[in-house]
Amino acid sequence: MRTFVQVLNILLCTACLAMNFKPPTPEETLQAIGNTEGMPVPLRQALEPGDDFVPIALPNPGDWLAEHFEAGQTFEDFVSSLAYKPDRSQDTIYLQPLGEFIGAQSPSLEALKDYATVYFMMPVKILAPIAIREAKLTERVNPYTHNRQLLTRDILILLERNFPADAFCLLAITMEDLYPDPAWNFVFGQAAISHRVAVFSFARYNPSFYGQSQGKDYHHLLLHRSCKVLVHEMSHMFSLSHCIYFKCVMNGSNHLQESDARPLNLCPLCLRKLQFSAEFDVVVRYHKLLKFYHRAGFAKEIRWVSTRLKNIVSTR
Ligand SMILES: [Zn+2]
Ligand SMILES: [Zn+2]
């Protein structure tokens, strides 16, 4: 029987202590990003913490940093802890749909695939969906919501068994609600980073889960939220820890309002980590992201990336 001692509980923490978080000073932030001398000019420009990035603020009660201790991961910490990096033999991100993704109720799998492709600048493949009844997973009915929930441990074991030879990581995505242990109410997702597998659910990003009306822009909202959780959880697969320096897609999140307030972009520090791992061209990536945001109709992100591109001097 496998144990998952290295499993990282995403969005839930076992040590919920009252924390006294102090935002890092500008000097500490620059130190965390580290020395960028000798890099190509566009990359250096992309890693400068200018006006396009907002320093992290003091958390409100109930926010992630008010309840969870985060030491912060500098670029140096990241490099020394980096266990896996994509290479030629393992260069593909796989998405494993689990259960149904019904058009009107779910984010588009093709849109999620397109977004991950440009965000990480790597090939992304969607595997054939696995039907819940065929997967033989432990399940229960949640006593509060009365929704079916799947046990994450069983899903992680299933993913490990099905890990493709050329996969950098394998992530199951589902519209089913999840739980990590009978003692827990629910979990948004769970990862076994050392095995490069994870599962996360979009169920609680749908207003109808809370009995709220879906509204006119519901589909747009669900895609936006799903894109955000997708790239956040995938970035954990690249060994990025939570960000405590800027408002950043890698900020921890304790509740939906906090998650909604997070931007889709990576801050300079987290961008440096991901670029080091995936080795993409930052300017090409921003152009591709811009095209995706136009297709998806993400107005805020269109403005942000357009400004960002103007502020990065390209020497090519
Ligand atoms: Zn996280
Ligand atoms: Zn960050």
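Rules behind the numbers
The numbers attached to residues start from 1 for each chain and follow its sequence in the written order. Labels are handed out in written order, letters beginning with A for the chains and numbers beginning with 1 for the ligands. Under the rules for a predicted model, residues below a pLDDT of 70 receive no local features and side-chain atom pairs below 80 are neither given nor counted, while totals for whole chains, interfaces and linings still include all residues. A fitted line through C-alpha atoms serves as each axis, taken over the contacting stretch for helices, and the angle formed by two N-to-C directions is quoted from 0 to 180°. Helix and strand labels come from DSSP, where a helix needs a run of H or I of at least four residues and a strand needs a run of E of at least two; each type is numbered from the N terminus. Should an angle lie under 35 degrees it is considered roughly parallel, over 145 roughly antiparallel, and from 65 to 115 roughly perpendicular; all remaining angles are considered oblique. In a left-handed crossing the near helix is turned counterclockwise from the far helix by less than a right angle, and in a right-handed crossing that turn is clockwise. Remark: residues whose backbone-derived C-beta atoms lie within 7 Å of one another are considered to be in contact. By definition, a nonpolar core groups buried Ala, Val, Leu, Ile, Met, Phe, Trp, Tyr and Cys residues that are joined through C-beta atoms within 7 Å. Exposure criterion: with C-beta atoms placed from backbone coordinates, a residue whose C-beta has 20 or more other C-beta atoms within 10 Å is buried, one with 12 or fewer is exposed, and one in between is partly exposed. Only strands that DSSP links by at least two bridges are regarded as paired with each other.

### Digging into the packing of helix 5 (residues 109-120) against helix 8 (residues 218-237)
How two helices pack is summed up by the angle between their axes together with the distance between the axes.
Then step 1. Orientation of helix 5 relative to helix 8, taken along the N-to-C sense of each, is 45°, at an axis distance of 10 Å. Here helix 8 runs oblique to helix 5, going by the angle between their axes. Pair helix 5 / helix 8 crosses with right-handed handedness. Each of Ala111, Leu112, Tyr115, Ala116, Tyr119 and Phe120 in helix 5 lies in contact with helix 8, whose residues at this interface are Leu223, Ser226, Cys227, Leu230, Val231 and Met234.

### Quick notes on the nonpolar core
Then step 1. Ala116, Cys243, Cys267 and Cys270 are the most contacted members of the largest nonpolar core, which has 76 residues in total.
Then step 2. Per-element tally for this core: the top contributor is helix 8, with eight residues.
Then step 3. When sequence neighbours within four positions are dropped, the list of residues in contact with Ala116 reads Ile93, Val124, Leu230, Val231 and Met234.

### Quick notes on the sheet that holds strand 7 (residues 177-179)
Then step 1. If you trace the three strands from one edge of the open sheet to the other, you get 4-5-7, paired in mixed fashion. Of all the strands in the sheet, just strand 4 (139-141) and strand 7 have a single pairing partner and so form its edges. Taking the axes of each pair of neighbouring strands and ignoring which way they run, one obtains an average angle of 40° across the sheet.
Then step 2. Strand direction decides the pairing type here: strand 4 and strand 5 (residues 148-151), joined by three bridges, are antiparallel. By the bridge assignment for strand 5, Glu139 is matched with Leu150.

Functional significance is not addressed by these values, which are geometric in nature.
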